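Results of the structural survey
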Amino acid sequence: MSEVTVHPVSAEWADKALIGAEAYAEKYRRSLAEPDAFWAEEAKRLDWIKPFTRVKDTSFNVDDFRIRWFEDGTLNLAANCLDRHLADHGERVAILWEADDPATPGRRITYRELYAQTCRLANALKAQGVKRGDRVTIYLPMVPEAAVAMLACARIGAVHSIVFAGFSPEALGGRIDDCASDVVITADEGRRGGKTIPLKANVDAALEHHAPNVKSVIVLRHTGADVPMVAGRDIDWADAVAGQPGDCPPEEMNAEDPLFILYTSGSTGKPKGVLHTTGGYGVWVSMTHEYTFDYRPGQIYWCAADIGWVTGHSYVVYGPLANGATTLMFEGVPNFPDHSRFWQVVDKYGVEIFYAAPTALRALMREGDDWVTRTDRSTLRLLGSVGEPINPEAWEWYYNVVGGGRCPIVDTWWQTETGGHMITPLPGATALKPGSASTPMFGVQPALVDGEGQLIEGAAEGALVITDSWPGQMRTVYGDDERFFQTYFSTFPGYYFTGDGCRRDEDGYYWITGRIDDVINVSGHRMGTAEIESALVLHDLVAEAAVVGMPHDIKGQGIYAYVTTIAGTEDSDDLRRELIQWVRKEIGPIATPDVVQFAPALPKTRSGKIMRRILRKIAENDTGNLGDTSTLADPGVVDDLLANRPES
Ligand code: 6R9
């Protein structure tokens, strides 16, 4: 290992931060030693309708498996994000919106306005027949109405399921079906990087083959494009809310009632509907947003993630709004109209806290410092990173060039399943080591296990597990408790298995090394290799496919697909291009394979298992040492793969 540069906490941060080093140590100790007392205290950050009397009731063991937090308390999370802010700071800006095109005027929506818009839509949803517990699918671009839609669902106790607006009609339809939504909220079109995305047309296509139970589609006019409306099913957002009152009583939800479903990729099968509930999730995102970002009311805060991912749920909408923050929503992309865009937006709104994914930073870093240094950025005081490991080179660039050496970087490790930050530095407490997510959040007990499932102590490397529950933990896979248990609690009995590999150094800092299951992380987005393989084999000419990750300078990982076509097919470049388009159509552009290699056969063991280890090595171009190939049914297959590796 090369020498690690340590950036100690500056005197100013140590002095002014909410949590300093001693406070961190003491609070962390208490969170484990007295969890009930600790969490009862933290839960006061939310307004409860009926206070809870029980705090933590959890077990990861097969015999008495349960995850319940604050279980007899009631509350409404939308009311916590809106109503309680009105008395003292209703005129504070809740959402700042910056359009894709810098010439389009931005929007500033106060807490009072957001409250009224949310209530109108909540009433409109009720008028469409949506009841407590019903699922509503949201397929919207990064516009304030996306937050309005989420909060309107939460207000009436409906469960939202957001599908990223970059997903294809096929992927959208599958997700609508899985949770049996009967209402879809979408827009005419989205805009990103100067291009439009045909959202309404995608919904129409999705509903052709899926979701027979969808009764209404609410359509937001965003670009104003002329989109066909299906009579009796489709309704204009403006018409739906017209005449609806600007107040709507919040539904009294139990702490363990579902708040949302968010589909994420796993190592097997179709995407899982990760289910989060109300009380624990609310406490978790509010607490982590405040402590990790050292957030003080009134500060301008920008998380550049899309609401289609968990980061958008927890750190664009619920965490910041629960804390009365001003949260910036950006419709566009980092490199449109040019590579200065992020920093122009920072200057335009005076952003103080900025949170983004390493893939965007690496892409910008490649374009040179000038795009950054020509902007001011003097308002920035804290930077964050999320979604994938950040390489030390990108970290130093972020720190020195973007942050001018003034701003700590919080490298936050967490997952869709964890609801919020799990391992992260706190800016006033943690000396920073570039590339390390560092130390656990309050209540989080990470551990490393070896291949036999034995805990390993001290400086070591292993599979990352969490040994006890935390309030923001997912509660189940929607409709499939058994799959939830199998996926996360059966590999290492008694522990939550994260799917990540990890190293712990002599100072107890955690260094995430990446996924150790069949999940690849492309530009911070999770893709299951099995999902891409299933899409490929749907093509008439494909007999078999195997997909692995490959290193990629910007995206972190790229997608490398091995494809065996049916006998007699000509493996041409045209077919290669067609297959790439096919996957884009089946899943969406984020799943575009970077390399398609035709393979007359795939390397298999005698029992017929594909040896992915070998496929990974070839994809990584690390072909000197393929390891043990003695269990292969036909070793000749590997020679053919090596000889025909396409240039990437
Ligand atoms: C929040 C989010 C989760 C997976 C996770 C890990 C990777 C996320 C990371 C990180 C290293 C970080 N990951 N943050 N790896 N350092 N700071 O991204 O959720 O989309 O579910 O992905 O992302 O591999 O297991 P999700």
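These numbers were taken from a predicted model, which means no experiment stands behind them.

Applying the stated criterion across every chain, the model contains 47 salt bridges. With a shortest N-O distance of 3.0 Å, Arg-29 and Glu-26 are connected by a salt bridge. Here Glu-26 and Arg-29 lie together in helix H2 (residues 21–33), a separation of three residues that amounts to about one turn. Note that Arg-612 is salt-bridged to Glu-533, the shortest N-O span being 3.0 Å. Within this pair, whereas Arg-612 is found in helix H20 (residues 612–619), its partner Glu-533 is found in helix H18 (residues 529–537), the two being separated by 79 residues in sequence. Here Glu-533 falls in the buried class, since its relative accessible area comes to 11%. One salt-bridge network, held together by shared partners, links Lys-27, Glu-42, Arg-45 and Glu-290.

Axis separation between helix H8 (residues 169–179) and helix H9 (residues 199–209) bottoms out at 8 Å; the angle between their running directions is 60 degrees. When the axis of H8 is compared with that of H9, the two are oblique. By crossing handedness, the relation of H8 to H9 is classed as right-handed. Facing Pro-169, Leu-172, Gly-173 and Ile-176 of H8, the residues of H9 in contact are Asn-202, Val-203, Ala-205, Ala-206 and Leu-207. When grouped by side-chain class, the residues that make up the contact of H8 with H9 number seven nonpolar, two polar and no charged.

Further remarks concern the environment of Val-203. With respect to the element layout, Val-203 can be found in helix H9. We classify Val-203 as buried; its relative accessible area is 0%. Taking the C-alpha atoms as reference points, Val-203 and Gly-403, separated by 200 residues in sequence, lie 41 Å from one another. For Val-203, the contacting residues outside a window of four places in its chain are Tyr-139, Leu-172, Val-184, Thr-186 and Val-217.

The next thing to look at is unusual backbone geometry. Going from Phe-336 to Pro-337, the amide bond is cis rather than trans, its omega being -5 degrees. In this structure, Pro-337 sits in the loop between strand E17 (326–330) and helix H13 (341–349). Phi angles above zero are rare outside glycine, and Ala-180 is one such case at about 50 degrees. Mapping Ala-180 onto the fold places it in the loop between H8 and strand E8 (183–187).

Another aspect to go through is the packing of aromatic side chains. Considering all chains together, one arrives at 44 aromatic pairs under this definition. Here the aromatic rings of Tyr-315 and Tyr-355 are separated by 6.0 Å at their centres, their planes lie at 80 degrees, and the arrangement is edge-to-face. Separated by 40 residues along the polypeptide, Tyr-315 in helix H12 (residues 310–322) and Tyr-355 in strand E18 (residues 353–356) bring together distant segments of the chain. Across the pair, exposure class does not vary: Tyr-315 and Tyr-355 are buried alike. On the basis of an interplanar angle of 90 degrees and a centroid distance of 5.1 Å, the ring pair of Tyr-315 and Trp-414 is categorised as edge-to-face.

Let us now look at the UniProt feature "binding site: CoA" (unreviewed entry) in the protein chain. When the UniProt feature table is mapped to this numbering, "binding site: CoA" (unreviewed entry) covers Arg-192, Gly-193, Gly-194, Lys-195, Thr-311, Asn-335, Ser-523 and Arg-584. These annotated residues cover 393 residues of sequence, and their C-alpha atoms reach 23.8 Å apart at the extreme, placing them across more than a single site. Residue class for Thr-311 comes out buried when judged on its relative accessible area of 9%. With sequence-adjacent residues up to four places away left out, Thr-311 is seen in contact with Cys-303, Ala-305, Val-316, Tyr-355, Val-386 and Trp-414. The topology assignment puts Arg-584 in helix H19 (residues 573–586).

With that out of the way, let us pick up the site of the ligand. Around the ligand, the structure places 17 residues, and the nearest of them are Asp-411, Thr-412, Thr-416, Asp-500 and Arg-526. If the ligand stood free it would expose 530 Å²; the protein chains cover 96% of that surface. Split by residue class, the shell around the ligand holds six nonpolar, six polar and five charged.

Quick look at the packing of helix H11 (residues 279–292) against H12 now. As a packed pair, H11 and H12 sit with axes 8 Å apart at the nearest point and diverge in direction by 90 degrees. When the interaxial angle is binned, H11 and H12 end up roughly perpendicular. Every residue of H12 that contacts H11 at Tyr-281, Val-285, Ser-286, Thr-288 and His-289 is listed here: His-313, Ser-314, Tyr-315, Tyr-318, Gly-319, Pro-320 and Ala-322. Grouping the amino acids of the contact of H11 with H12 by side-chain chemistry returns six nonpolar, six polar and no charged.

Okay, the domain arrangement of the protein chain next. Examined at the domain level, the protein chain breaks down into domain 1 (11–79 + 273–514), domain 2 (110–254) and domain 3 (523–644). One C-alpha centre belongs to domain 2, the other to domain 3, and the line joining them spans 37 Å. Each partner contributes residues to the interface: domain 2 has seven residues there, and domain 3 has eight residues. Each partner contributes to the roughly 470 Å² buried at the junction of domain 2 and domain 3, and carbon and sulfur atoms together form 57% of this total. Counting across the domain 2 and domain 3 interface gives zero salt bridges. Across the contact surface, domain 2 and domain 3 share three residue pairs in polar contact (both at pLDDT 80 or more).

As a further point, take the confidence of the model for the protein chain. The predicted model of the protein chain has a mean per-residue pLDDT of 95, with 100% of residues at 70 or higher. The ipTM, which scores confidence in the relative placement of chains, is 1.00 for this predicted complex, and the corresponding pTM is 0.93.

Glancing now at the pairing of strand E29 (residues 542–552). Pairing between E29 and strand E30 (residues 556–565): 10 bridges, direction antiparallel. The residue bridging Ala-545 from the neighbouring strand is Val-563, located in E30. Here E29 folds back onto E30, and the loop between the two strands holds three residues.

Once that is clear, we can look at the sheet that holds strand E11 (residues 216–220). The strands that make up a sheet are held in pairs by hydrogen bonds between backbone atoms, and each pair lies either parallel or antiparallel. A sheet is described by the order of its strands in space; here eight strands give the open sequence E12-E11-E8-E6-E7-E14-E15-E24, paired in mixed fashion. Every other strand in the sheet has two partners, leaving strand E12 (234–236) and strand E24 (476–477) as the edge strands with one partner each. Pairing analysis gives four bridges linking strand E6 (residues 135–139) to E8, with the strands arranged parallel. Looking at the pairing, Tyr-139 lines up with Thr-186 of E8.

So, how was this worked out
Residues numbered from 1 in each chain as written. Predicted model: local features only at pLDDT ≥ 70, side-chain atom pairs only at ≥ 80, totals over all residues. Heavy atoms only, no water. Salt bridge = Lys/Arg side-chain N within 4 Å of Asp/Glu carboxyl O. Helix = DSSP H or I, 4+ residues; strand = E, 2+ residues; numbered from the N terminus. Buried < 20%, exposed > 50% of the residue type's maximum accessible area, 1.4 Å probe, protein only. Axes fitted to C-alpha atoms, helices over the stretch in contact; angles between N-to-C directions. Parallel < 35°, antiparallel > 145°, perpendicular 65-115°, else oblique. Left-handed = near helix turned anticlockwise from the far one by under 90°. Contact = heavy atoms within 4.5 Å. Nonpolar A, V, L, I, M, F, W, Y, C, P; charged D, E, K, R; others polar. Phe/Tyr/Trp six-rings, centres within 6.5 Å; stacked < 30°, edge-to-face > 60°. UniProt positions renumbered as here; feature names shortened; annotations may be inferred. Near = heavy atom within 4 Å. Areas by Shrake-Rupley, 256 points an atom, 1.4 Å probe, with all protein chains shown as cover. Domains from an automatic or database assignment. Buried area = accessible area lost by both parts, 1.4 Å probe. Polar contact = N/O pair within 3.5 Å; in protein donor to acceptor, adjacent residues only side chain to side chain. pLDDT = per-residue confidence, 0-100. Pairing = 2+ DSSP bridges.

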